[in-house]
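For reference, the chains in residue letters:
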2 protein chains.
Amino acid sequence: MELVQLYRAFADPTRLRILRVLQEGPLCVCHFQTVLAEPQVKISKHLGYLRERGLVVASRRGNWVIYALPPEKSRTAELAANLACLAECVKTDAVFKRDRARLKKLDVTCSPVAGERGAACGCAVAG
Amino acid sequence: MELVQLYRAFADPTRLRILRVLQEGPLCVCHFQTVLAEPQVKISKHLGYLRERGLVVASRRGNWVIYALPPEKSRTAELAANLACLAECVKTDAVFKRDRARLKKLDVTCSPVAGERGAACGCAVAG
DNA sequence: AAAGCATATTCCGCTTGCGGAATATGAAAA
DNA sequence: TTTTCATATTCCGCAAGCGGAATATGCTTT
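*Asks:* What should I look at first to understand the environment of Ser74 of chain A in this one?
*Replies:* Residues and elements named next belong to chain A. Relative to the assigned elements, Ser74 resides in the loop between β3 (64–68) and α5 (77–89). By C-beta crowding, Ser74 is classed as exposed, having 10 other C-beta atoms within 10 Å. Through-space distance from the C-alpha of Ser74 to that of Gly54 is 9.9 Å; in sequence the pair is 20 residues apart.

Printed below as a string of structure tokens:
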């Protein structure tokens, strides 16, 4: 019945927004603040909540911490299924559209891997 | 962001079990007590919770109240998608298997429509 | 070493939600 | 009309979780 834990994790608007954003690619905390337009504490706490429960993974790059969905192979079937379901359910929602627009405007993808685009994070906005 | 309400409704083991059972067909409260092996208050309260939020519908037949999933046409896309997802996720879970076994053993389908099988509810166990 | 920046944690007040005991409602039977 | 049966509601105490202010941690730069 760990499934209940998963639904609990999904049962908060900020967390849903975080997960949706991560489906576009990894992102560091500072960018989350811009994309979601929410205060630092709030974001950090919800990221922590998701991390503790294995819904996201974190990696530090200097001062920055980059969050991502777990690599596909290590996602539970339940997580994979519900992320897909979430993506479907959310297509028309205004809040998520706004987030996505801000994300695109930033035009950035943080990568925990040195050398990749946005790897400098710090947080390289592509131009 | 009503989607959050849906996830909240899913974020409880008893409610998940109720929804799973209802995917097999309508059922009255007394049978839920048998199938889930939980006390009356608990079942009644969770059914109430689900009803208030439109995840199930209720109809009275004499002394008995029969619950069912909303008719397919009136389910929101989100509910439909998540019910399907739930059905997938839950296939191997022991608790749900036990519930299903007890349901099959009862071999009953309550119907709010007079004349149908189990319509008498009261609660006709098919033989 | 000290200062600075990005992120995490603690503390606190508040609300929501759960489970259970007792009680209330509403329909049928006697 | 009084019982009886099935279900719902109320009234607890309790735990989890949220948001925000303040503070702590951990790198990095100077």
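*Asks:* How should the relation of the copies chain B and chain A be read in this particular structure?
*Replies:* With an RMSD of 0.0 Å, chain B superimposes on chain A once it is rotated by 180° and translated 0.0 Å along the axis. Such a combination of rotation and displacement between the chain copies is what one expects of a two-fold axis. Scanning chain B for the C-alpha nearest the rotation axis identifies Tyr7 of chain B, at a separation of 2.8 Å.

*Asks:* Just to check I follow, could you spell out the protein's contact with DNA strand D for this structure?
*Replies:* Around DNA strand D there are 22 residues in total, and Gly62 of chain A together with Val29, Cys30, Ser44 and Asn63 of chain B lie nearest to it. Of all elements in the fold, only α4 (40–52) of chain A together with α3 (29–36), α4 (40–52) and β3 (64–68) of chain B reach the threshold of two or more residues within the surface near DNA strand D. A class-by-class count of the residues in the surface near DNA strand D yields 11 nonpolar, seven polar and four charged.

*Asks:* Honestly, the protein's contact with DNA strand C in this entry has me stumped. Any pointers?
*Replies:* Near DNA strand C lie 22 residues; those nearest to it are Val29, Cys30, Ser44 and Asn63 of chain A together with Gly62 of chain B. Put simply, the parts of the chain that give the surface near DNA strand C at least two residues each are α3 (29–36), α4 and β3 of chain A together with α4 of chain B. Here the surface near DNA strand C takes six residues from α4 of chain A, the largest share from any one element. Of the residues in the surface near DNA strand C, the class split is 11 nonpolar, seven polar and four charged.

*Asks:* Would you explain the pairing of β3 of chain A in this entry?
*Replies:* Here is the key point about a regular strand: its side chains alternate between the two faces of the sheet. Residue and element names in this part refer to chain A. Sheet topology note: the strand β1 (residues 27–28)/β3 ladder contains two bridges and is antiparallel. Looking at the pairing, Leu27 lines up with Tyr67 of β3. In this structure, strand β2 (residues 57–61) lies alongside β3, joined through five bridges in antiparallel fashion. Note that in β3 the partner of Val57 across the bridge is Ala68. Once β2 ends, the chain turns through two residues before running back antiparallel as β3, passing Gly62 with a positive phi of about 65°.

Here is what the cut-offs are and how they apply
Residues numbered from 1 in each chain as written. Chains lettered and ligands numbered in written order. Predicted model: local features only at pLDDT ≥ 70, side-chain atom pairs only at ≥ 80, totals over all residues. Helix = DSSP H or I, 4+ residues; strand = E, 2+ residues; numbered from the N terminus. Buried ≥ 20, exposed ≤ 12 C-beta atoms within 10 Å, placed from the backbone. Least-squares fit on C-alpha atoms with pLDDT ≥ 70 in both. Near = placed C-beta within 6 Å. Nonpolar A, V, L, I, M, F, W, Y, C, P; charged D, E, K, R; others polar. Pairing = 2+ DSSP bridges.

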